[in-house]
Every structure is written in structure tokens, then in C-alpha cells.
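Geometric and topological summary
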Amino acid sequence: MAAITRLQQLQLLHPPPLTLRRSLLFDKPKQLTRSRPRSFSTSPILCSNNSHNTPESSASTVGAHASIVGDLLDYLNESWTHFHATAEAKRQLIAAGFHLLNENDEWDLKPGGRYFFTRNMSCLVAFSVGEKYTVGNGFHVIAAHTDSPCLKLKPRSASSKSGYLMINVQTYGGGLWHTWFDRDLSVAGRVILRGSNGSFVHKLVKVKRPLLRIPTLAIHLDRTVNKDGFKPNVETQLIPLLASKLEEASMETKEKSTTTSSKAAHHPLLMQALSDELNSNIDDIVSIELNVCDTQPSCLGGGNDEFIFSGRLDNLASSYCALRALIDSCKSPGDLSSEQAIRMVALFDNEEVGSGSIQGAGAPTMFQAMRRIISCLADKYVGEGAFERAIRKSFLVSADMAHGVHPNFMDKHEEHHRPEMQKGLVIKHNANQRYATSGVTSFLFKEIGKIHNLPTQEFVVRNDMGCGSTIGPILASGAGIRTVDCGIPQLSMHSVREICGKEDIDIAYKHFKAFYQTFSSIDKKLNVDS
């Protein structure tokens, strides 16, 4: 086994051709098309089951159960973009028996049913209706977001400099842009294809081979970089290199196969890579919306395989834990038999840029869905304030990654609020309402952890530092829903390559699942406004 492990490690450092590399990342080549979430893999590349890796704080809650870490790595490796993350969530929900709804259609919902819909293929709302549901009962929601800071292609991306073909990009969100230099990059996203009958087809695309690179300047030409810092100009120096510029004569053939508008907007070489991946003609590609992505796979790392090294942990780790908790909390026939509420997960786009979009948390997507659900299930109910009463009984968990204490920068944290990896979810507090947590919502969420022996931590930012925010305050103020902000502690937030603790993934999943299964009974014990 030790020899196999070493071989696999070498293969990750020196990746083989793409077809072989895919088989190394997953237990089986067909794993992405499995009909249900697979059991936890014991592959050394994904994780280690050694019991001594489990911290004392979580040993009793995690060690006795199958881990979802292997499945999370599968999800991360599939979800290069927010589009792919939503599509993979859709696939898993359908495989678990959830019924796909369309926002344009009339809904027909039943107690005990499981449903979901997508918006823009970058936002998703899924829910299961308790069999004991009556009009006016609440929603138990976990909300997260599918987007991450990245580089996005400009509408006209083609440029050339000094004999190179370059790709012009926009910065999306507050990324640590210096971490994108000297990485093996590619593109992924969605395209609109022209169909043979004159219709248009929406398709996702992912070019898995390293296609782009942003090279740093040699230190011989920038002698003060280590003293003064690396401060690239994001407009002129953060431009990925695609290829050496070919002579005009050698490019003529490829250019003939490209329409004038496409040729002017994007390099024929890039369009050819997309058409090869899609098995389509270049002229049939009428629109593209692409992210620049790191091709290095998500994996376990650390001396005891206790860390997850990956891009997009913020916030796909939260999204997957929430999605999986909802699926697993209602997959058995009796799971909803005594439930009086509606369990829901909402995954939004555009959180990293303020949520102000049709697919973001700033849109009324979730609350519109709630109104429709109540209306569908009301039958002949003619009472007053069904939606308003439901909101007052509802509870929202805003799940977004948290700042773990950095061992080299401990002074950046308030000394009594330094969340650590492998010690559970972090409950976020801010007196100025950058987080939506209150004393009541914090207590209720911690009480779930206490009952199920799940550790929690707490975080406040230093008074002399600015505080980030989440979708929590946006949703809390949108309809007056009780909200707690929490997250999995991580390091390197907004880097192209982030890190979090393996054990925290399982703790978060179990806490979210316990929230769905037990919140109704806990909430009944606390009365605030009567």
C-alpha cells in the first residue's frame, strides 16, 4: 500500500495524459455518472482513515460515521465554475429522487415531496416538504453561494503582444490576484450553440488541459520585488498567455472557419479548443461566458492528510455540505413522516460582487419560492398572513467560509476569537450587522451542536479592522427571517489555492443535517416575543 501511495503522489506532481489523469482523480472513471452519492472512498489520494488523525474535539462525532470528504473532492474537481457546481448539484438531486421544477411553469407540490429548480444554471433552490406540514409552518434553510473570485474573459478577449497571443480578462470579486501567476490555467464555463433546426442550445464546457499561463517577471528584471512586494497592475500585467503568435499565412486556414464577429472577439485557437471539446463547429458557437480556471486537482495534503488543498473552497465547501445534508436528511421513507416544516437549501450566485443580480441573494428568488410553495400547499386555506407567519417561524443558516487563525499572522485576529481548523463550525458575530447573527440565533444553532456533541467556535473581527460580509444580512433583512452566520474555518481565502481542515467538512455536514432533523423540536423550547 505504501508503494501505491507514493506512486499516486508522484503522478499528482507529474500528471500523466488527461485520459489517465481522470482515472487517478476518481475511484472509477464512471463515478461522475453514479446514480447516488457514493460511500466514502479510502483512496490515499482522497483521504486517510487513520484514527489518529481525528482531533479529540471531534473524534466522538466524526469517527463513528462515514466521511463525505471524498465526495466533496469529487464535487470540487467537477465544479470548475459556478455553472458546473450548479449542474453537478442538479445531477445529484435528480439521482436522489428530487423532482425538477421550472419557475415558468405552474407547480404541483405535495407534503412529503422533494423538489428543486435552477436559475441561470448558477443559482439553485431545493426543498423537501414535511408530511405533517400545515399552512403557516416555517422553512428551515441553509444558504450558501456558488461563485468564487476568478478571472473572466472579456467580451472581446483576443489580443497579441510581442509575438504572443494573449487573452484579455476581467477580475471578478476580491481575489488574491498574485496567486494566479505561474499556474497551469485553462477555461471553463458555458456556451450557446446554434442548433440544426434554428434553435439555440445551452451547454457547459471545460477544457481540461493546461491552456493558459500568466508568467511572472524574472527577479533579474525586478530586483526589489521581495522587498517592495509583488503588486501587478491587474489591467496590463494580469493577462494570460495563450500561444506563440503564428505567421499570418499559417493562420489563414483556421480563420476561414471562423465568422468575422468571432474572429474579432476571440482567438481562432481558443474557439477551436472550445469546438473540439464540444464536438461542434466553430461557427455554431454564438456566445461564450468563460472563467479562467486552475487545472490542478483538489486533493488532501498535510503530514497526516488532514487538510484539503483546493480552489473554490469559498464557498463550494459550504454549498456541498448543505446540499448533502438536505439530501441525506430525507432520503429514507420515514425521514419526513413527522416533519412539520419545509427543509430548504438555497445556493446563490454573485455573492463575491455584492449579490445584486437576478441569480444573486439580492433578488427575491428564495422568498418568491416560499410564497409559491405556501400557495401550492394551501389547498382551501383562506386564513390571514400565511407567508408572514411562516417567515416568523423560519430559520436561516447563512453558510460561508470563515477566517481561521493564521499561525504566521496571529495578530490579525482578536485574541479571544481565533478559530482553528478541525474544531468545528465558526459562528460569526458583528455588532454593526455585517453578519446577521444575534444572541438568539447563535444560541439556537449552538444548541443543535451541543445536543449532537458537535463543536462550535465564535469569531468577531478586531475593532481596528474592516469586516467582510455575507448573504446573511441581505436575506435576513429581505423578509425578516431569523438568521445565523457561520462557516468552516480556512486559510488562504480568495487565493487560487485555498486550504481547510478535513474534519471540519464532516462536522459541518453533520451539523447541517442535525439542523434539518432537530431544529423544530429545539425551536419550540424558546419563546422570545410572546
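Our subject is the structure listed above.
Notes on the structure in this doc start here. Predicted model only: the values in this text are computed from it and were never measured.

Some words on the overall build of the chain
Each helix and strand counted, the chain has 15 helices and 20 strands in total. Of all 530 residues assigned to the chain, the portion counted as buried reaches 55%. For the chain, the proportion of contacts with a sequence separation of at least 24, taken over those separated by at least 6, is 77%. For the chain, the exposed area adds up to about 23900 Å²; of that, 51% sits on carbon and sulfur atoms.

Thoughts on the pattern of salt bridges
Scanning the model with the defined rule gives 17 salt bridges in all. Where aspartate 71 meets arginine 324, a salt bridge forms, and the shortest distance between an N and an O atom there is 2.9 Å. Of this pair, aspartate 71 sits in helix 4 (residues 69-78) while arginine 324 sits in helix 10 (residues 313-329); the two residues are 253 residues apart in sequence, bridging distant segments of the chain. Like aspartate 71, the residue arginine 324 is buried in the burial classification. A salt bridge links aspartate 328 to arginine 324; its shortest N-O distance comes to 2.9 Å.

Thoughts on the packing of aromatic side chains
Summed over the entire model, instances satisfying the criterion amount to eleven aromatic pairs. Ring geometry for phenylalanine 515 against tyrosine 516: centres 5.5 Å apart, planes inclined by 50°, an arrangement best described as tilted. As far as burial versus exposure is concerned, phenylalanine 515 and tyrosine 516 are alike and both buried. Seen from their ring centres, phenylalanine 515 and phenylalanine 519 are 5.4 Å apart, and the 50° between their planes marks the pair as tilted. In this pair, phenylalanine 515 and phenylalanine 519 both sit in helix 15 (residues 502-523), four residues apart, roughly one turn of the helix. The class of phenylalanine 515 is buried, set by a relative accessible area of 0%. Three or more aromatic residues joined by ring pairs form one cluster here, namely Trp107, Tyr115, Phe117 and Phe127. The ring of tryptophan 107 carries the charged tip of arginine 372 above its face, separated from the ring centre by 4.0 Å.

Digging into the sheet that holds strand 11 (residues 299-301)
On the basis of which strands lie adjacent, the open sheet formed by five strands has the order 11-12-20-19-15 and mixed pairing. Each end of this open sheet is capped by a strand with a single partner; those strands are strand 11 and strand 15 (402-403). The pairing of strand 12 (residues 307-310) with strand 20 (residues 498-501) spans four bridges and is classified as antiparallel. Note on strand 20: the bridge partner recorded for serine 310 is glutamate 498. Contacts between helix 4 and the sheet are confined to strand 11 and strand 12, with strand 12 contributing the most and set at about 5° to the helix. Sitting on the sheet, helix 10 is in contact with strand 12, strand 19 (489-491) and strand 20, with an inclination near 35° to strand 20.

Observations concerning the sheet that holds strand 16 (residues 425-428)
A sheet is described by the order of its strands in space; here nine strands give the open sequence 1-2-3-13-4-14-18-16-17, paired in mixed fashion. Across the chains shown, the open sheet's two edge strands, defined by having one partner strand only, are strand 1 (99-100) and strand 17 (456-459). As paired strands, strand 16 and strand 18 (residues 482-487) are joined by two bridges and run antiparallel to one another. In the sheet register, valine 426 faces strand 18, and the bridge partner there is glycine 487. Against the sheet, helix 5 (residues 82-95) contacts strand 1, strand 2 (114-119) and strand 3 (123-129), and its axis sits at roughly 20° relative to strand 3.

Comments concerning the pairing of strand 3
Of all seven residues making up strand 3, seven are buried, and the element is well covered by its neighbours. In the sheet, strand 2 pairs with strand 3 via six bridges, with the strands oriented antiparallel. Counterpart to threonine 118 in the pairing with strand 3 is leucine 124. Here strand 2 folds back onto strand 3, and the loop between the two strands holds three residues, one of which, asparagine 120, carries a positive phi near 65°. Taken together, the six bridges between strand 3 and strand 13 (residues 342-348) define a ladder with antiparallel strand orientation. Among the inter-strand pairings, alanine 126 is bridged to a residue of strand 13, identified as valine 345.

The rules behind the values
Residues numbered from 1 in each chain as written. Predicted model: local features only at pLDDT ≥ 70, side-chain atom pairs only at ≥ 80, totals over all residues. Heavy atoms only, no water. Helix = DSSP H or I, 4+ residues; strand = E, 2+ residues; numbered from the N terminus. Buried < 20%, exposed > 50% of the residue type's maximum accessible area, 1.4 Å probe, protein only. Contact = heavy atoms within 4.5 Å. Areas by Shrake-Rupley, 256 points an atom, 1.4 Å probe, with all protein chains shown as cover. Salt bridge = Lys/Arg side-chain N within 4 Å of Asp/Glu carboxyl O. Phe/Tyr/Trp six-rings, centres within 6.5 Å; stacked < 30°, edge-to-face > 60°. Lys NZ or Arg CZ within 6 Å of the ring centre and 35° of its normal. Pairing = 2+ DSSP bridges. Axes fitted to C-alpha atoms, helices over the stretch in contact; angles between N-to-C directions.

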